[in-house]
Amino acid sequence: MPATTSDDCCHEEHRRVKPPSGQPEFGGAPYTCPMHPEVQSHAPGSCPKCGMALEASFVLSAELQPDPELRSMSRRFWICTALCVPLLWLTMTRMANAEDFGWNFLWRNSSLYYELALTTPIVFWGGAPFFKRAWQSIVRLSPNMFTLISLGAGIAYVQSAATTFLSPEANVYFEAAALVITFALLGQVLELRARSKTGEAIRALLGLAPKTARLVLPNGGEDEDVALSQVKVDDLLRVRPGEKTPVDGVLVQGSALLDESMLTGEPIPSAKKIGDTVTGATLNTTGSFIMRATRVGADTVLARIALLVANAGRTRAPIQGVADRVSAYFVPAVLAIALGTFLAWVLLGHVSAADAMLRAIAVLVIACPCALGLATPMSIMVASGRGAHAGVLVRDAAALEALARADVLVLDKTGTLTVGRPEVRTVVALPASHAQPNNEAEVLRLAAALELGSEHPLASAVLRAAQAQALQLPAVQDFRAEVGRGITGTIEGRRLALGTRELLLHLGPETEALIARSESLRRDGQIVVYLADNGQALGMLGISDPLRDGAATTIAQLRASGLAVKMLTGDNRTTAFSVAAQLGLDSVSEVQAEVRPEQKAEVVRALQAQGHVVIMAGDGINDAPALAQADVGVALGTGTDVAIESAGITLLRGDIAALLRARKLGRATLRNIRQNLFLAFAYNAAAIPLAAGALLPHFGLSLSPMSAALFMSFSSASVVFNALRLRKVVL
């Protein structure tokens, strides 16, 4: 058996698995168990813990690949079914003529040998995978579903075979052994087929990419169509109207409108011009352009999303701990119940050992611990794929569950509630002193020169404003940034400072006129930045970041979903309260202003200390500490590497409205998991007593081993099929 667990994989050389070109590259083994993701193998096989068939850790292509396990189980099922037909005819004929002495005398013995001949290949060939997995479970001291099936079928077969040779007049149960194996095979076929559908979301994602790309030849020759796997970084590719962008890149010639709904869920095409980035698999609705490839194969956004979805399906949600604790004691408990059933019917029910054995076999066969183990991972796997198609990337199952349980949402302002592209709206210059000109253009010129060396988000707004006026920016010497205050530098012999009021107070006094004007700007929602020369205020800039469309409506809907909403921002209180008023937030209880990035994590920690389950939504970069601290971090970005890696949930559209879809997905997933757990628990709670014959004395209800095998075959499949309903959930 090639499967290895995390405990023993250190004894073998670590190998990377490289999928075919154009597919994501994974580290480690390519096969894993859906119930025990820590079990990995470099070849197909079965899980040493639960006995389930291992499945591919990732989807290799958009086409459904043949499953050797499914093919093998299907072949065994149909051949065993064909053998069961004459076996059942012989059994019914023998039982119908049991009182006929002539039939008994002439045909009974030969009929038993025919039944033995038909049952033997069913048990030993058809049931070979079950007996193999059962033996492995005994060796590893990890009994599972296949242990129970093998015991039930094996006991019935051995008893019947012994009776045929030693006591032909006693009852035999060849049909029970054969049907237990056949129905168990049916259950495996149904389950494997259903499990194969859980990868449809990833296959659909990979299928979005075109199969070929149009390569622009460097010598000016005619464009050449090449396979996607042959595209290299820095290749020039032509994309015509109606075609899909082959890989990630930068537009270098022309313009276009790209439909990016496959990534963001946004149906409105996005305008692209020279210098803009384009993402592979997005549809060019109009315009022809040439792009330069920057990411190919496993490095593209599409490949990384497929990898993220696959990995998310292998993580474990906290709610799965319930099933894990029950499963640890389930099989030993079933074995004890089966033994107790046998003894109770023999000692108290006063029935024959053969009839008591049938009750015990029915108990062994009908119990299905795999249904418990599959309840959570199947739902997580399907939900991760459904979310990817809606622009909601799930990094791990715990984040998805926390989305459903959360009661507090903490929002960063800039880039989350706002568009993240601030603009200079106001430039104020104080009256010139010492006969030195000091107009608005001069204030903007000096401020922009200082911002050349800054990495602050507002710096780009100042530089864009200066560029729009074609201002020539002087060189800066002795540049220095003071965190939380601003920047300083020497320009044309003047020691200038640009930053907050705190910075100016630190450097020198400011005029009353500047204070009065700045307050009016803040009440208008503008962020005020002061410019000073040697401690003397020269002027100020009013910068604002427009709110995202529908932000206020989205917050109202999030509240309606049961979330308390809080906004954190580093802005001045006046500015923050102005934005809060536009969003419908209460300035006193729902807004915290002048909060530094490192303090946001402290706010989240304080809410958790009060017993809240907290969602933190930010840009995935500046808010990384808070995202990591929260029960679930939601990065609102554009699918960049940093955004994808920094939070449990990434919203590719970069829009707070997408958080509503994520919340709905989390709730639907948790609801689906609970349904699966209920199905598994209710099935076993009702089926085991019925199989044991607890209702037989008073209600005449019981289950034969054949009926138990049939019901058992549908238990795991029902859980998987219920999980597949998440593919249709409306977000």
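Just so it is clear, the model here is predicted, and its values are computed rather than measured.

Peer 1: Help me understand the packing of helix H22 (residues 658-692) against helix H24 (residues 705-724) in this model?
Peer 2: Working note: a packed helix pair is described by the angle between its axes plus the distance between those axes. Between H22 and H24, the shortest axis-to-axis distance is 9 Å and the interhelical angle comes to 170°. Judged by the angle between their axes, H22 and H24 are roughly antiparallel. Touching Asn672, Gln675, Asn676, Leu679 and Tyr683 of H22 are Phe711, Met712, Ser715, Ser718, Val719, Asn722 and Ala723, all from H24. When its residues are assigned to classes, the contact of H22 with H24 shows six nonpolar, six polar and no charged.

Peer 1: How should I be thinking about the nonpolar core in this particular structure?
Peer 2: Across soluble globular proteins, nonpolar side chains have a tendency to be buried as a group. One finds Leu409, Met567, Val634, Ile649 and Leu651 to be the most contacted residues of the largest nonpolar core, which totals 132 residues. Among the elements that take part in this core, H22 stands out by supplying 15 residues, more than any other. In this structure, Leu446, Val462, Ile487 and Leu538 belong to the second largest nonpolar core, which totals 22 residues.

Peer 1: In this structure, what is going on with helix H3 (residues 128-139)? I would like to understand it.
Peer 2: At 3.6 residues per turn, the α-helix brings residues three or four places apart onto the same side. Helix length check: H3 (twelve residues) gives 17 Å between terminal C-alpha atoms against 16 Å at 1.5 Å per residue, within 8%. Taken together, the buried positions of H3 are Pro129, Phe130, Arg133, Ala134, Gln136 and Ser137. The buried residues of H3 occupy an angular sector of 160° when the element is viewed end-on, so they sit on one face. What points out from H3, more than 90 degrees from its buried face, is the exposed set Lys132, Trp135 and Val139. Positioned one or two residues after H3, Leu141 has a phi angle of 55°, which is positive.

Peer 1: I'm lost on the sheet that holds strand S11 (residues 270-272) in this one. Help?
Peer 2: Pairing between the strands of a sheet comes from backbone hydrogen bonds, and it takes one of two forms, parallel or antiparallel. Pairing in this open sheet of three strands is antiparallel, and the strands run S11-S10-S13 from one edge to the other. Since the sheet does not close on itself, it has two edges, and those belong to S11 and strand S13 (283-286), each with one partner. The average undirected angle you get between the axes of adjacent strands in this sheet is 40°. Sheet analysis places strand S10 (residues 256-259) next to S13, joined by three bridges and oriented antiparallel. Looking across to S13, one finds that Leu257 is bridged to Thr286.

Peer 1: How should the pattern of salt bridges be read in this particular structure?
Peer 2: Pairing between side chains of opposite charge can happen when the charged atoms of each approach one another. Throughout the structure, instances matching the rule amount to 13 salt bridges. Between Asp225 and Arg214 there is a salt bridge, with its nearest N and O atoms 3.6 Å apart. Here Asp225, found in strand S7 (residues 224-227), pairs with Arg214, found in strand S6 (residues 212-215); they are eleven residues apart in sequence, far enough to count as distant. The closest approach of N and O atoms between Lys600 and Asp412, which form a salt bridge, is 2.6 Å. With Lys600 in helix H19 (residues 597-609) and Asp412 in strand S16 (residues 408-412), the pair connects residues that are 188 residues apart, well separated along the chain.

Peer 1: Please explain H19 as it appears in this structure.
Peer 2: Within H19, the full set of buried residues consists of Lys600, Ala601, Val603, Val604, Leu607 and Gln608. All buried residues of H19 fall inside an arc of 155° around its axis, so they share one side. In this structure, the buried side of H19 is in contact with S16, strand S23 (564-568), strand S24 (591-592), strand S25 (614-618) and helix H20 (624-629). Gly611 sits one or two residues past H19 and shows a positive phi near 95°.

Each value, and the rule that gives it
- Numbers given to residues run from 1 along each chain, matching the order in which its sequence is written.
- Owing to the predicted nature of the model, reporting of local features is limited to residues with pLDDT of at least 70; listing and counting of side-chain atom pairs is limited to 80 or more, with chain, interface and lining totals taken over all residues.
- Side-chain measures were taken over the full set of non-hydrogen atoms in the model, leaving aside hydrogen atoms and water.
- For helices, the fitted line uses only the C-alpha atoms of the stretch in contact; every axis is such a line through C-alpha atoms, and the angle between N-to-C directions lies from 0 to 180 degrees.
- Per the convention used, a helix needs a DSSP run of H or I reaching at least four residues, while a strand needs a run of E reaching at least two, with both numbered from the N terminus.
- Here the angle decides the label: under 35 degrees means roughly parallel, over 145 means roughly antiparallel, 65 to 115 means roughly perpendicular, and every other value means oblique.
- Note on contacts: a residue pair qualifies if any of its non-hydrogen atoms lie within 4.5 Å across the two residues.
- Polarity classes work like this: nonpolar for Ala, Val, Leu, Ile, Met, Phe, Trp, Tyr, Cys and Pro, charged for Asp, Glu, Lys and Arg, and polar for all others, with Gly in that last group.
- Working definition of a nonpolar core: buried Ala, Val, Leu, Ile, Met, Phe, Trp, Tyr and Cys residues. They are joined through side-chain atoms within 4.5 Å.
- Think of it in three bands: with a 1.4 Å probe and only protein chains considered, a residue is buried below 20% of the maximum accessible area for its type, exposed above 50%, and partly exposed in between.
- A helix's residues, less one, multiplied by 1.5 Å, set its expected span.
- Relevant arc is that of directions from the helix axis to the C-beta atoms, nothing else.
- When DSSP finds at least two bridges between two strands, those strands are taken to pair.
- By definition, a salt bridge exists where a carboxyl oxygen of Asp or Glu is found within 4 Å of a side-chain nitrogen of Lys or Arg.

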